[in-house]
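Given next are the chains, with one letter for each unit.
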Amino acid sequence: HVQLVESGGGSVQAGGSLGLSCAYSGFTSSTYYMAWFRQAPGKEREGVAAIYLGGGTTYYHTSVKGRFTISRDNGNNTLYLQMNSLKPEDTATYYCAADFRWSPSLSSADFRYWGQGTQVTV
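Numbering of residues begins from 1 in every chain and follows the order in which that chain's sequence is written. Thresholds applied to this predicted model are a pLDDT of at least 70 for local features of residues and 80 or more for the giving and counting of side-chain atom pairs; totals over whole chains, interfaces and linings are not thresholded and use all residues. Note that water and hydrogens are dropped before the side-chain values are worked out from all heavy atoms of the structure.

Visitor: Explain the state of the cysteines here, please?
Guide: Such a bond, covalent and formed between the sulfur atoms of two cysteines, is termed a disulfide. Throughout, a disulfide means two cysteine sulfur atoms within 2.5 Å of one another. Under the defined criterion, the tally for this structure stands at 1 disulfide. Residue pairing for cysteine 22: its cysteine sulfur links by disulfide to cysteine 96, the two sulfurs lying 2.0 Å apart. An S-S torsion of about 50° defines the bridge between cysteine 22 and cysteine 96 as right-handed. With cysteine 22 in strand β3 (residues 18-25) and cysteine 96 in strand β9 (residues 92-100), this residue pair connects regions lying 74 residues apart in the sequence. We note that cysteine 22, like cysteine 96, is buried. In DSSP terms, a helix is any run of H or I states spanning at least four residues, a strand is any run of E spanning at least two, and both are numbered starting from the N terminus. Here the term buried applies to any residue with accessible area under 20% of the maximum for its type, exposed to any over 50%, and partly exposed to those in between, with areas from a 1.4 Å probe on protein chains only.

Visitor: Got a minute to help me understand the pattern of salt bridges in this structure?
Guide: It is possible for side chains bearing opposite charge to pair when their charged atoms get close. A side-chain nitrogen of Lys or Arg and a carboxyl oxygen of Asp or Glu constitute a salt bridge if their distance falls within 4 Å. In the structure shown here, the tally under the stated rule is 5 salt bridges. In this structure, arginine 67 engages aspartate 90 in a salt bridge whose closest nitrogen and oxygen atoms are separated by 2.8 Å. In this pair, arginine 67 is assigned in the loop between β6 (58-60) and β7 (68-73) and aspartate 90 in the loop between β8 (78-83) and β9, connecting sequence segments 23 residues apart. Of the residues examined, arginine 67 reaches a relative accessible area of 10% and is grouped as buried.

Pasting the structure below:
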């Protein structure tokens, strides 16, 4: 079965950097999209970045474009999110997600598999 386990959250000052990792298992990577979502208290979960594991094509929410980088290491079954120039409004619980898809999405409704989340505080 599909398992996603995030790590790497923490506290950082505004303007700083933080990296998140998501170890995944239980699916064939080349046919899946994976994504990072975040949810702040009292707000809806929003998609931050997505990547097609087969070809590596990436997609970003406008609020993080140029600051965040999503990447993957299919050999080690790990998804990454490098976050630079962090702002207080980036504070949230960050989740990795995965699903079989042929097109990109930053909608939480399009992903069935989720990690447990990791807290990022700026």
